[in-house]
Structure formats: structure tokens, C-alpha cells
Amino acid sequence: MGKVRRRQRTNPASRNSVQHKKDSNDTTGGEGTLPSPATQRTTNLIGSLVQLGLIWAVGAVLLKIANSYMPSFTLMNKPNSTIPGVPIKQVAYDEKMMKSPNTIVVNGISLPKELLSPMERYPNMYNITEEMRVLHFSPVVKFPNKWVEEEDENGTRKKRRKVPNYDVLDLTTAVGEAQLATEEERDVARKHGGRSRAEKKDKSFHVGRYDEKRTQMYSSGLFHSDSSETVIDGYSSQKQRTVHVGIDLDGPVGTKVHAFCDGIIHSAGYNPDLGDYGHVIVVEHTLPQSNNSVIWALYGHLDAKSTANKPKGKRVKRGQVLGRFGDIHENGGWKMPHVHFQLSSHPPDTHDMPGAVSIEDRPRALLDYPDPRLVLGPLY
């Protein structure tokens, strides 16, 4: 018989080492080569950076196209024609101004000769647009809404939509005695923490207009005095101050008052005289998308809690509740609860601004105290 040759068993570990060697050899070259994990990560990172660069480039092109087709946004980034923050002093009517049929020109700026002019006729030194109001401003008072029906162009189908529910007041013939409480009434309200529920039953909302001559309304010595002079930011009470240079937003006692945009507290305090602001806050607002221009806003006739914890320099946010409408013992004695909202192109000396000016000072005041509808929108 011949020798029987036995088959040798292969060690599994040896097989694995051989296979591992083969696999290692496969990764070092040839068409089927696989990158190492470190190389793969580097490749992925480079790809991500390239994608981000493409997105940035496309975004820049789209922004350039948008600016070319939207001049209102472009305008907001241009320098202002005047520099807000510098008050314009000692400007009054003269014969040359009066010869113009519809406008008065002061320092190269056109002003409407007629009181209660449309919003677009007043100077807009801050280049505030409707887009800016919608995107960056909050209502100062949030009016309740009501449903109204409107017909379509053919006059056949009626549509329903919500609109703010308020009335616009005509105070050109309002009498001051009917608007202001007496000192005795204020004392009683102070003693009881406000008027009775029956006296505060009116829950309606109203708007009092800018640049309105209220001939008989301002009857207290704050607005006219021959014997003693009160001067607020250069405006004297020795001239009869009858032209209203803010906007009144009326409603029930306790109605919330909101900051229209971001800012810091300029000043807050209590002006106690009859017909004055009562508790009042002035905020220094920085306008977005308007070269960071600064404008000052006065919120007057508030309640006592509104001015608490309002130190100078404290930050406020757009839409933040600054305070609430005060009653007669807190708001300067005004029977109609409201916030007097006024803008100023220069910082006031303290928590005060002349809420009304003389007809002689009106041209100067229209520049010092811009139309609040720039911020509030076309309320009327």
C-alpha cells in the first residue's frame, strides 16, 4: 500500500490574517480603492463649505435684485435730509411764508399751511415707511376690532373683515371745563382709589388728532398766563397754546400702553398740575433700518404704577407694556382716560413736552414734534 497523505487543517486565525492582508492590499491601490475615514471627513467638510459659499452668493444676488425693485427699503438706508436730534428754534410765520397758498417752507422743508392736513403732507425726516411700521413697530394702544361689510367692485357681493373699533374726535370746539375734573373731584378720587364704576362706564375708544387747534379746551394756566411764564423746551405759556402736537388715544381706565419699538427710558415722573400729564414716561427709541436714528416719545396721562421702577437707561422692548391709562387723580385731571402720545426730534429737558403750542410757534413745532402717525399709521 502507498502512504496516505493527511490533509493539514488550516488555523482560522491564519485565514483571517491572510484575508485581512488581502483586504489591506486592496485598499492601497487599484480601481476599487476606498478612502480612509479621515479623508472622507475632509472631503465632506470641503463640500459643505462649497455649498455654504454658493448659498451666500445666491443670497447676495437676490438681495441686490430686491433693492433695485423696492425703492422704499433702499430709501430707509440713505442718510436723512436733516439730522434728527437738533431742535429748530425761533421759526414763526412771516409775510414771505404766508404768500405761499398751501405750504410753508422752513429751512428748506415744506410744511402744510393748513391745520389737520393729510398725513403725507407733514415732513418725514426719518424716512419711515409702511413696511417699517408693519415689520418693526407695535401699536401703542391695541384697539378692539369690529366686523364691517364691504361690497366688491361689482357692488353685488359683500365681504366681511375686521377693522379697529374707534371713533375720531373733533375737539376744535371742545370746552376745557367739560374735559377737566375739579380739584375736589380729584381729591375724592384720590381718597377712594379712583372714580366710581358708574362714572367710568364708558368703554369706547377714540382718537384725538394731531395739529388740531383746540381754541377753548386748554383753559388752565399751563397753556396761557399773562402773569407768570411757564417754559417747556423753549415754548412759552405767555403765548396762547392751542395747537395740539401729539395724538390722543382714548379708552377705559387701565387700558394697556405699549412701547412702539425698542428703546431706553429717558425719564419718568409725575407732573401734578391740573391739565398736565400726571404720570408720564419718555422713551428714547432707536429706529431700526433708519441709520439707527433716535427719536423720543412721550407717553402721558398714565396711572401711578406706570412710572414705578422706570429708572433712566432701563431698556424696553417693542410691544412691552409700559403702563396703563390713569384716572383723574393720576392723569392730570382729564375726565376722558387716554394716553397722549408725542414724538420729538430732540431730547426733552425732563419728563415733559409742550403738548400744545401757539399758532405762532406752529411751524417750528411741526419740525420739533413730528406727526405721530409716522409711527402709529394712518389712524384717520
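Bear in mind the structure is a predicted one, so any value in this text is a computation, not a measurement.

## Observations regarding the overall build of the chain
The number of helices and strands found in the chain is nine helices and 19 strands. Taking all 380 residues of the chain together, 42% fall into the buried category. Restricting the contact set of the chain to residue pairs at least 6 apart, pairs at least 24 apart contribute 74%. With an accessible surface of roughly 21,900 Å², the chain has 54% of that area assigned to carbon and sulfur atoms.

## Let's talk about the environment of K113
Along the chain, K113 turns up in the loop between strand 2 (109-112) and helix 5 (130-136). A relative accessible area of 19% means that K113 is categorised as buried. Considering only alpha carbons, one finds K113 and T103, 10 residues apart in sequence, at a separation of 4.9 Å.

## Digging into the layout of surface pockets
If you add up the space inside the largest pocket, you get close to 440 Å³. Lining the largest pocket we find 19 residues, and of these P139, V375, L376, G377 and L379 sit closest to its centre. Elements that contribute at least two residues to the lining of the largest pocket include exactly helix 5 and helix 9 (373-376). No other element matches the three residues that helix 5 contributes to the lining of the largest pocket. For the lining of the largest pocket, a count of residues per class yields 13 nonpolar, three polar and three charged. In this structure, the second largest pocket occupies an estimated 320 Å³ of space. Lining the second largest pocket are 26 residues, and of these Y218, H301, W334, H338 and H340 lie nearest its centre. Of all the secondary-structure elements, those providing two or more residues to the lining of the second largest pocket are strand 11 (247-250) and strand 18 (338-344).

## Focus on the confidence of the model for the chain
When pLDDT is averaged along the chain, the result is 82; 78% of the residues meet or exceed 70. Overall, residues 12-31 carries pLDDT values under 50, and its contacts beyond four positions in sequence, including any with other chains, amount to four contacts. Note on residues 64-93: pLDDT under 50 across the span, and 60 contacts to partners over four residues away in sequence or across chains.

## With respect to the side chain of H340
As for its position among the elements, H340 is in strand 18. Within the structure, the side chain of H340 is placed 3.3 Å from the side chain of D248, a separation counted as a polar contact. If we ignore the near neighbours within four places in the chain, the residues touching H340 are H244, G246, I247, D248, Y277, L298, Y299, G300, H301 and G355.

What counts and what doesn't
- Residues numbered from 1 in each chain as written.
- Predicted model: local features only at pLDDT ≥ 70, side-chain atom pairs only at ≥ 80, totals over all residues.
- Heavy atoms only, no water.
- Helix = DSSP H or I, 4+ residues; strand = E, 2+ residues; numbered from the N terminus.
- Buried < 20%, exposed > 50% of the residue type's maximum accessible area, 1.4 Å probe, protein only.
- Contact = heavy atoms within 4.5 Å.
- Areas by Shrake-Rupley, 256 points an atom, 1.4 Å probe, with all protein chains shown as cover.
- 1 Å grid on protein atoms, 1.4 Å probe; cavity = no way out; pocket = protein on both sides within 12 Å on 5 of 7 lines; lining within 4 Å.
- Points joined across faces, edges and corners; volume = space filled by probe spheres on them.
- Nonpolar A, V, L, I, M, F, W, Y, C, P; charged D, E, K, R; others polar.
- pLDDT = per-residue confidence, 0-100.
- Polar contact = N/O pair within 3.5 Å; in protein donor to acceptor, adjacent residues only side chain to side chain.

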